[in-house]
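Residue-level structural notes
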Amino acid sequence: MERESWSGKWAFILAAAGSAVGLGNMWRFPYLAAKYGGGTFLLIYIILVFTLGVSLLLQDITLGRKTKQSAIGAFGTFGKKYRVIGVVAAAVPFLILPYYCIIGGWVAKYAVGYITVGAETLADGGVFFSSFITSPFESYFWLFLFALIVLVVVALGVKGGIEKINLVLMPALILLALGVTIYTFTIPGALDGVAYYLTPDLSKISPELLLAAIGQCFFSLSIAMCIMITYGSYVKDDENITQSVNRIAGFDLLVSLLAGFMIIPGAVAALGSAEAVSASSGPSLMFITLPTVFEHMGAAAPVIGTLFFLLALFAAVTSAISIAEACVSIVQDSLHLSRLKASLAILIYALVVGSFVNAGYNVLSGIEPLGAGSSLLDLFDFLSNSVLMPVVAIATCIFVGWIIKPKMLIAEVEKSGRFALAKPWTIMVKYIAPVLIVVVLVAYVAAQFGIISM
Ligand code: PFF
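Residues numbered from 1 in each chain as written. Predicted model: local features only at pLDDT ≥ 70, side-chain atom pairs only at ≥ 80, totals over all residues. Heavy atoms only, no water.

**Quick word on helix 8 (residues 138-155)**
- Compared with an ideal rise of 1.5 Å per residue, which puts 18 residues at 26 Å, helix 8 spans 26 Å between its outermost C-alpha atoms and is within 8% of the ideal.
- Along helix 8, the positions that sit buried rather than exposed are Ser139, Tyr140, Trp142, Leu143, Phe146, Ala147, Val150, Leu151, Val153 and Val154. For helix 8, the buried positions fall inside an angular range of 165 degrees around the axis, keeping them on one side.
- Elements in contact with the buried residues of helix 8: helix 5 (83-116), helix 7 (127-133), helix 9 (158-185), helix 16 (301-335) and helix 17 (339-359).
- Downstream of helix 8 by one or two residues, Gly157 has phi in the positive range, about 100 degrees. (Helix = DSSP H or I, 4+ residues; strand = E, 2+ residues; numbered from the N terminus. Expected span 1.5 Å × (residues − 1). Buried < 20%, exposed > 50% of the residue type's maximum accessible area, 1.4 Å probe, protein only. Arc of directions from axis to C-beta. Contact = heavy atoms within 4.5 Å.)

See below:
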């Protein structure tokens, strides 16, 4: 079977940016920026994206394009014994997909919630949110709907589904983000938040800030999730990889910056300080604090709330498509199934495992795998993001830097133009990135078990 390919450079860039721009930009980035001194975090994050981030992104994409395989086959191409790296890597998208569909369902529920239940109910301090996620039927309904939409797009193929939806949703997302940002700037008191967000305070630089910024950098660029290897495997040989990588990273950074503008000034105006934003993170920031911030906008609340959750939904759908595509292509390449059959298999997988994880909030809420108050979703998130992704990123750097050697991928990049920064890239992949990521891995695990606080 001939491998599918993107119809052009922009189709690939938009799809990869669609993967990168996700809930990580919408809720993790503003939270981290608020927590770590606004402008200080921003500055360090930008430096990291264009050094560490683009290097690892280029590594994943080039591995895919060179081998024209999804993760397991990509590593296996260089020797049967290396397949094991691919198998461990493949666990990442399989762990993430089910719970990302759950959260995608929550976002979808809120996007329509501004119309069906109203802004005031959504801003009730968490009662609505917890009754929704603990509901024995409704939470499953939104999970099923979200997963179905995602896998229908994937089943339609690279050109017929993935490319087309990104072509519509990504520009729409940018327009919505600009609209909400402009409105936020007009709120009385918002400019204090803008100043906080943009002013670097060098006294806030700390090891924790650095660790958080490194983790966010590779999570936000969808590195070590098998996604970029898969998307890279559909890139044609004459496309300039270095240029595409910079554009994808730039796009992702732009949306993170806009998310900060959408959230921090409004939150400072409504809640009195940036610290109030960082008091809640992840789901509670998005589904409890933000509706309260929007509620302070009075008559504009339903409009801004709907637009914000709609754009978050677009971000979630395009990321979920990429993670589902990583799973589907692994199944297709390993079992030689048609795209349709592989998509159906992954849909069933997402529904069954997703339902199990979702049950952690209702029928199985007695299971608290990571200590009191934790859920099955937290467990899947911890295993994939904090443990496996760093392990896979380190293994990929060692594989490329020390086993197949950087020259092999440099030659691949140079098929379509000079790779001016080949030397610094080699140093990054061989030495700097593995060391930095080992530190992140140790810190994440230590933080989870309460040995350090992050
Ligand atoms: N880059 C994505 C984000 O920032 O949200 C990371 C991601 C997570 C991609 C989960 C895909 C996914 F399913």
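From this point, things continue past the structure.
**Section: the nonpolar core**
- Counting 181 residues, the largest nonpolar core has Trp6, Phe41, Trp106, Met262 and Phe309 as its most contacted members.
- If you tally residues by element for this core, the top one is helix 16, at 20 residues.
- What Phe41 contacts, discounting residues up to four positions off in sequence, is Phe29, Leu32, Ala33, Tyr36, Leu209, Ala212 and Ala213. (Core = buried A, V, L, I, M, F, W, Y, C linked by side-chain atoms within 4.5 Å.)

**Digging into unusual backbone geometry**
- Positive phi values are uncommon outside glycine, yet Lys68 reaches one of about 55 degrees.
- In this fold, Lys68 is placed in the loop between helix 3 (39-67) and helix 4 (71-76).
- The exposure class assigned to Lys68 is partly exposed, which follows from its relative accessible area of 30%.
- Here Lys405, not a glycine, exhibits a phi torsion of approximately 80 degrees, which is positive.
- Turning to its location among the elements, Lys405 is positioned in the loop between helix 18 (376-403) and helix 19 (406-413).
- Assessed through its relative accessible area of 41%, Lys405 is described here as partly exposed.

**Examining helix 15 (residues 282-295)**
- An ideal rise of 1.5 Å per residue puts 20 Å on 14 residues; helix 15 measures up with 19 Å between its terminal C-alpha atoms.
- When the local axis directions of helix 15 are compared, the greatest deviation, roughly 35 degrees, occurs at Thr289, which is followed within four positions by the proline Pro291.
- Within helix 15, burial applies to Gly282, Leu285, Met286, Phe287, Thr289, Leu290, Pro291, Val293 and Phe294. (Bend = angle between axes of the 7 residues up to and from the residue.)

**So, the side chain of Ser322**
- Within the element layout of this structure, Ser322 appears in helix 16.
- At 2.7 Å, the side chain of Ser322 forms a polar contact with the backbone oxygen of Ser319.
- Other than its neighbours up to four places away in sequence, Ser322 contacts Ser19, Ile227 and Tyr231. (Polar contact = N/O pair within 3.5 Å; in protein donor to acceptor, adjacent residues only side chain to side chain.)

**Focus: the side chain of Arg339**
- Along the chain, Arg339 turns up in helix 17.
- In this structure Arg339 comes out as buried when scored by relative accessible area, which is 9%.
- Non-local contacts of Arg339, meaning those with residues more than four positions away in its chain, are made with Glu4, Val154, Ala155, Gly157, Val158, Tyr234, Glu325, Val328 and Gln332.

**Quick look at the site of the ligand**
- Taken together, 15 residues lie around the ligand, and Ala20, Gly24, Phe219, Ser220 and Ser222 are the ones closest in.
- Tyr100 places a polar side-chain atom, nitrogen or oxygen, 3.4 Å from an oxygen atom of the ligand.
- At 2.9 Å, a backbone N or O of Ser220 approaches a nitrogen atom of the ligand.
- A total of 340 Å² of accessible area belongs to the ligand in isolation, and the protein chains cover 99% of it.
- For the shell around the ligand, the elements supplying multiple residues, two or more each, are helix 1 (9-20), helix 2 (23-35), helix 5, helix 11 (207-220) and helix 16.
- Top contributing element to the shell around the ligand by residue count: helix 2, with 3 residues. (Near = heavy atom within 4 Å. Areas by Shrake-Rupley, 256 points an atom, 1.4 Å probe, with all protein chains shown as cover.)

**So, the packing of aromatic side chains**
- Evaluated as defined, the whole model comprises 30 aromatic pairs.
- Each ring, one from Tyr36 and one from Phe41, has its centre 6.2 Å from the other, and the planes form 20 degrees; the classification is stacked. Of the two residues examined, Tyr36 and Phe41, each falls in the buried class.
- Aromatic pair Trp106 and Phe287: ring centres 5.6 Å apart, planes at 85 degrees, arrangement edge-to-face. Taken together, the residues Trp106 in helix 5 and Phe287 in helix 15 connect sequence positions 181 residues apart. (Phe/Tyr/Trp six-rings, centres within 6.5 Å; stacked < 30°, edge-to-face > 60°.)

**Observations regarding a nonpolar patch on the surface**
- A cluster of nonpolar side chains, namely Ile398, Trp402, Ile403, Ile427, Tyr431 and Ile432, defines an oily patch on the protein surface of about 540 Å² accessible area.
- Where the nonpolar patch is concerned, the elements lending two or more residues are helix 18 and helix 20 (422-448).
- Here Trp402 is to be found in helix 18.
- A relative accessible area of 41% means that Trp402 is categorised as partly exposed. (Patch = residues over 30% accessible without salt bridge, like charges linked within 9 Å, V, L, I, M, F, W, Y side chains within 5 Å. Salt bridge = Lys/Arg side-chain N within 4 Å of Asp/Glu carboxyl O.)

**Observations concerning the pattern of salt bridges**
- Under the criterion given, the structure shown has 9 salt bridges.
- Across the salt bridge formed by Arg339 and Glu4, the nearest N and O atoms sit 2.9 Å from each other. Taken together, the residues span a long stretch of sequence, with Arg339 in helix 17 and Glu4 in the segment before helix 1 at a distance of 335 residues.
- Between Lys68 and Asp237 there is a salt bridge, with the nearest N and O atoms lying 3.0 Å from each other. Of this pair, Lys68 sits in the loop between helix 3 and helix 4 while Asp237 sits in the loop between helix 12 (227-232) and helix 13 (241-271), and the two are 169 residues apart along the sequence.
- Salt bridges here are not isolated pairs; linked through shared partners, they connect Arg65, Lys68, Asp237, Glu412 and Lys415.

**Comments concerning the environment of Met389**
- You can see Met389 is positioned in helix 18.
- Since its relative accessible area comes to 1%, Met389 is described here as buried.
- Once the C-alpha coordinates of Met389 and Ser222 are considered, the two residues, 167 residues apart in sequence, prove to be 9.8 Å apart.
- Aside from chain neighbours lying at most four places away, what touches Met389 is Val92, Ile96, Phe218, Phe219, Ile223, Ala224, Met225 and Ser384.

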